[in-house]
Amino acid sequence: MLDYIIVGSGLAGIAFAETLIQNQKSFVVFDNQSQNSSRVAGGLYNPVILKRFSQVWDAERQLALANQFYAQIEAKLQVQVDFKMPIYRKFFSVEEQNNWFAASDKPSLSPFLSTTIVHKKYKAIDSPFGYGEVLHTGYLDTDIFLNAYQSYLKSLAILVPDAFLYEKLQITDNMALYEDFQAKHIVFAEGFGMHANPYFKNLPLDGTKGELFIIKAPDLDIDVIINTSIFILPLGNNLFKVGATYNWEDKTDLPTEEGKVELVERIREILQCEFEIVSHFAGVRPTVNDRRPLLGTHPSHKNMHILNGLGTRGVMLAPAMALDLFEYIESQKPLDKSVDIRRYITSF
């Protein structure tokens, strides 16, 4: 008998899978690649909410665990996925500069906000008020990461590239049975696909569609991530990832003309140079109204669990949330009440 069945191999599923490997647990992963939000994500990790100059919830711990987690993956798989890079928040006024300095005085934010205004002039970007530098930031190349880790799971013969059919699942008091697999526990890490899951579909997962570009801009010379109303991330060879839009109505992962127009307008507000759209892609982020993940155990099935709702900060959240769920299942270590699905107990 296996220890676990995992459904989903996006950021959440992989983080849980790696946590199991590090703890010598046996498992199998089901994923038919029907969900793509992890793959097309911007991949940025940033401990500060730059719209309001406030700290991300539990940022210090999440960042420490994420740095360790991705470094271990890089060493194991011999591939670089984590790219350290400063984020520069462009200031639009003296008032924003003052708000930045006020935020940097707060103990929770001082480790992450430089108190020196950056006045570096980048070709093609007008920045009369300079930039604020966020520390301990960068991006995960989620496409390389997912491809490398899924290949690793295939090499271990524990990745099943099939759709998970809920009607075939049998749950008893001490095991989960699915086709030829028996496991002590099953963990659903399906992202927005949770809406098809009969056991958890009533939880308030409200997908938020995001659209991004890869652009080519030979006259843009930035070597940092620029944050304004969008982010501009240098990829090398005059290529830049740019995003993202937020659409709470459209739940498809298809690029739209509306999203294209919005992104083009925002880019033109920032860049004084020509650019070419190389690719345009979209995904539905698994977001929750209270901005907290969905972790825990089904109230009627003690061996059925969920790891979802990582939203726009999945790169930072996934390692910490996977560890928290593992310790909750294996050691009964209580979950933070703000992420425990028992806060939505009336949904079941």
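Since the structure is predicted, the reported quantities are computational estimates derived from the model, not experimental observations.

What follows concerns the overall build of the protein. Along its length, the protein carries 6 helices and 20 strands. Over its C-alpha atoms the protein spans a radius of gyration of 21 Å, differing by no more than 12% from the 20 Å that the globule rule assigns to 348 residues. Projected onto its principal axes, the C-alpha coordinates of the protein cover approximately 65 × 40 × 40 Å. Scored against the burial criterion, the 348 residues of the protein give a buried share of 54%. Counting only contacts in the protein whose residues sit at least 6 apart along the sequence, the fraction spanning at least 24 positions is 73%. Surface exposure of the protein reaches about 15,600 Å², of which carbon and sulfur atoms provide 50%. Side chains of the protein carry 33 positive and 41 negative charges; the gap between the two charge centres is 3 Å.

Right, let's get into helix 2 (residues 59–77). Helix length check: helix 2 (19 residues) gives 26 Å between terminal C-alpha atoms against 27 Å at 1.5 Å per residue, within 8%. Buried residues of helix 2: Ala59, Gln62, Leu63, Ala66, Phe69, Tyr70, Ile73, Glu74 and Leu77, and no others. For helix 2, the angular spread of buried residues about the axis comes to 135 degrees, placing them on one side. Of the residues in helix 2, the exposed ones pointing more than 90 degrees away from the buried face are Glu60 and Ala75. Glutamine 78, located one to two residues past helix 2, shows a positive phi value of around 55 degrees.

With that settled, the discussion passes to the pattern of salt bridges. Using the criterion set out here, one finds 15 salt bridges in the structure. Here glutamate 96 and arginine 89 are joined by a salt bridge, their closest N and O atoms 3.0 Å apart. A salt bridge links glutamate 262 to arginine 266, with the nearest nitrogen and oxygen atoms 2.8 Å apart. With glutamate 262 and arginine 266 both in helix 5 (residues 257–270) and 4 residues apart, this pair spans about one turn of that helix. Under the relative-accessibility criterion, arginine 266 is labelled partly exposed at 24%.

Cut-off values and rules
- Residues numbered from 1 in each chain as written.
- Predicted model: local features only at pLDDT ≥ 70, side-chain atom pairs only at ≥ 80, totals over all residues.
- Heavy atoms only, no water.
- Helix = DSSP H or I, 4+ residues; strand = E, 2+ residues; numbered from the N terminus.
- Rg over C-alpha atoms; globule rule 2.2 N^0.38 Å.
- Buried < 20%, exposed > 50% of the residue type's maximum accessible area, 1.4 Å probe, protein only.
- Contact = heavy atoms within 4.5 Å.
- Areas by Shrake-Rupley, 256 points an atom, 1.4 Å probe, with all protein chains shown as cover.
- Lys, Arg positive; Asp, Glu negative; His and termini not counted.
- Charge placed at Lys NZ, Arg CZ, Asp CG, Glu CD.
- Expected span 1.5 Å × (residues − 1).
- Arc of directions from axis to C-beta.
- Salt bridge = Lys/Arg side-chain N within 4 Å of Asp/Glu carboxyl O.

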